[in-house]
Amino acid sequence: MKNKAMKWLTTVPVAIAVAVSLAACGGGAAAPSGTPTDALAGSDQTSLDKYTTADVTPLDQIDKSQLGLLSEGTLTVGTLSDAPPNIFIDESGKFTGYDNELLRAIAAKLDLEVEFKSTGFASLLSQVQNKQFDLGSSSISTTDARRKTVGFTNGYDFGYMAVVAKEDDKVKGFKDLTKDTRIAVVQGTVQDDYVTNTLQIEPVRFEDYNTAYANLKNGQVDAWVAPSQQATGQVKEGDGTVIAESVVNTQNFTAYAVNSDNQALVDALNSGLDAVIADGTWSKLTKEWYPDRETPDTWSPGSKAVIVPKS
């Protein structure tokens, strides 16, 4: 099982490194603004409970004709192609990863097909809200700011945030990030918000994880603040880089993004999620893709009613 789960480590190519300046990166999009989201402040159980439903609609009561799908019987999903182990394209050209395989299982409970389409994270939420996709699958942290743009399902995962640096660099963790540190982030992510608004440091923004990491390797930046899962998927032996620190973040759970007006689809996905939790599929996929990771005691997936089976 572990060999299967870790196969992505050797199959995802790293993009050709490109040098960018602070003025040029990010495609002209504005940095996150407003109230800072301190993603490393620790678990906020009150916030998690606030957005988690008490229960879900029984599967046999879901009316698929009311889901407002772009194509009848099919979930059209915007996702990334370069962020293993969560969301990526494997060597056969298949969209896969933990988030996407879990979504396939949820869709099966609803008797729906899934069609994945590649996009960039910076535009994903607006594309979901503009109905270019039925939903977004991209390890999306459900911050209050994002809830003003799109709707979210119940949580299916939590996250870690990491600092990646050169092996011999002075950056050994978050405490070493200063205004003199050239910090890479992927534009529009929680990591972008954290560096910009919590640390109040202007980062170097990139459109994808491959390019951010490539620029760390070639010395264009000093550190990369990334989701730990994606950092693990990029850092390989011989790269001259190291995951200097990784800190758990359960303040905002990870969920699928849905158009804010499509409550019927949110409810249906929540029902499917509870079903795959109850039958053990969630636990099986989590162990398959994260064989060495422990789930924090302060967090559990799905609605408040569902129980994760004991292994």
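Draft legend 1. Main features of the overall build of the chain. Within the chain, the regular secondary structure consists of ten helices and twelve strands. For the chain, the proportion of its 311 residues judged to be buried stands at 52%. Of the contacts made within the chain by residues no fewer than 6 positions apart, 77% connect residues no fewer than 24 positions apart. Accessible surface, the chain as shown: approximately 13800 Å² in total, 48% of it carbon and sulfur.

Draft legend 2. Main features of the side chain of Thr 76. Structurally, Thr 76 can be placed in strand β1 (residues 74-79). Discounting chain neighbours no more than four positions away, the residues touching Thr 76 are Leu 70, Glu 115, Lys 117, Gln 132, Phe 133, Asp 134 and Leu 135.

Draft legend 3. Structural context of the pattern of salt bridges. Summed over the entire model, instances satisfying the criterion amount to nine salt bridges. The shortest N-O distance in the salt bridge between Glu 101 and Lys 94 comes to 3.4 Å. As a salt-bridge pair, Asp 222 and Arg 182 come within 2.8 Å of each other at their nearest N and O atoms. Taken together, the residues Asp 222 in the loop between α7 (209-217) and β11 (223-227) and Arg 182 in the loop between β8 (157-166) and β9 (183-186) connect sequence positions 40 residues apart. Put simply, Lys 94, Glu 101 and Arg 104 are held in one network by salt bridges that share partners.

Draft legend 4. The arrangement of the packing of aromatic side chains in detail. Here the structure, examined in full by the defined rule, presents ten aromatic pairs. Ring geometry for Tyr 98 versus Tyr 156: centroids 6.5 Å apart, planes at 50°, classification tilted. Separated by 58 residues along the polypeptide, Tyr 98 in helix α3 (residues 98-109) and Tyr 156 in the loop between β7 (151-152) and β8 bring together distant segments of the chain. For Tyr 156, a relative accessible area of 0% gives the class buried. Here the aromatic rings of Tyr 213 and Trp 224 are separated by 5.8 Å at their centres, their planes lie at 40°, and the arrangement is tilted.

Draft legend 5. The confidence of the model for the chain, seen in detail. On average, residues of the chain score 85 in pLDDT, and 84% of them are at 70 or above. In the model, residues 42-46 has pLDDT below 50 throughout and makes eight contacts with residues more than four positions away in sequence or in other chains.

Draft legend 6. View of unusual backbone geometry. Residue Pro 85 follows Pro 84 across a cis peptide bond; omega there is 5°. Mapped onto the secondary structure, Pro 85 falls in the loop between β2 (82-83) and β3 (87-89). A positive phi angle, close to 60°, is found at Asp 111, a residue other than glycine. You can see Asp 111 is positioned in the loop between α3 and β5 (113-118). Classification of Asp 111 as exposed rests on a relative accessible area of 60%. The phi dihedral of Lys 131 falls on the positive side, at around 65°, and the residue is not glycine. Tracing the backbone shows Lys 131 in the loop between α4 (121-129) and β6 (135-141). By relative accessible area, Lys 131 is classed as exposed at 54%.

Draft legend 7. A look at the packing of α3 against helix α9 (residues 263-278). Direction vectors running N to C along α3 and α9 enclose 105°, while the axes themselves pass 8 Å from each other. Looking at the two axes, α3 sits roughly perpendicular to α9. Seen from α3, the contacting residues are Leu 102, Leu 103, Ala 105, Ile 106 and Lys 109; seen from α9, they are Leu 269, Gly 272, Leu 273, Ala 275 and Val 276. Per-class residue counts for the contact of α3 with α9 are eight nonpolar, one polar and one charged.

Draft legend 8. Here's a closer look at the pairing of β9. Here β9 shows no split at all, with Ile 183 and Val 185 on one side and Ala 184 and Val 186 on the other all buried. Note: β9 against β11, two bridges, orientation parallel. Note that in β11 the partner of Ala 184 across the bridge is Trp 224. As paired elements, β9 and strand β10 (residues 204-206) share three bridges and run parallel to each other. Bridge assignment links Val 185 to a residue of β10, and that residue is Arg 205. A crossover connection joins β9 to the parallel β10 through helix α6 (residues 190-198); in handedness this β-α-β unit is right-handed.

Draft legend 9. Region of interest: the nonpolar core. By size, the foremost hydrophobic cluster in this structure holds 63 residues, and its most contacted members are Leu 75, Leu 102, Trp 224 and Leu 269. Residue contributions to this core peak at seven residues, all from α9. Among the nonpolar cores identified, the runner-up in size contains 14 residues, and Leu 177, Tyr 194, Ala 223 and Val 225 belong to it.

Definitions and cut-offs
Residues numbered from 1 in each chain as written. Predicted model: local features only at pLDDT ≥ 70, side-chain atom pairs only at ≥ 80, totals over all residues. Heavy atoms only, no water. Helix = DSSP H or I, 4+ residues; strand = E, 2+ residues; numbered from the N terminus. Buried < 20%, exposed > 50% of the residue type's maximum accessible area, 1.4 Å probe, protein only. Contact = heavy atoms within 4.5 Å. Areas by Shrake-Rupley, 256 points an atom, 1.4 Å probe, with all protein chains shown as cover. Salt bridge = Lys/Arg side-chain N within 4 Å of Asp/Glu carboxyl O. Phe/Tyr/Trp six-rings, centres within 6.5 Å; stacked < 30°, edge-to-face > 60°. pLDDT = per-residue confidence, 0-100. Axes fitted to C-alpha atoms, helices over the stretch in contact; angles between N-to-C directions. Parallel < 35°, antiparallel > 145°, perpendicular 65-115°, else oblique. Nonpolar A, V, L, I, M, F, W, Y, C, P; charged D, E, K, R; others polar. Pairing = 2+ DSSP bridges. Right-handed = clockwise from strand over helix to strand, strands pointing away. Core = buried A, V, L, I, M, F, W, Y, C linked by side-chain atoms within 4.5 Å.

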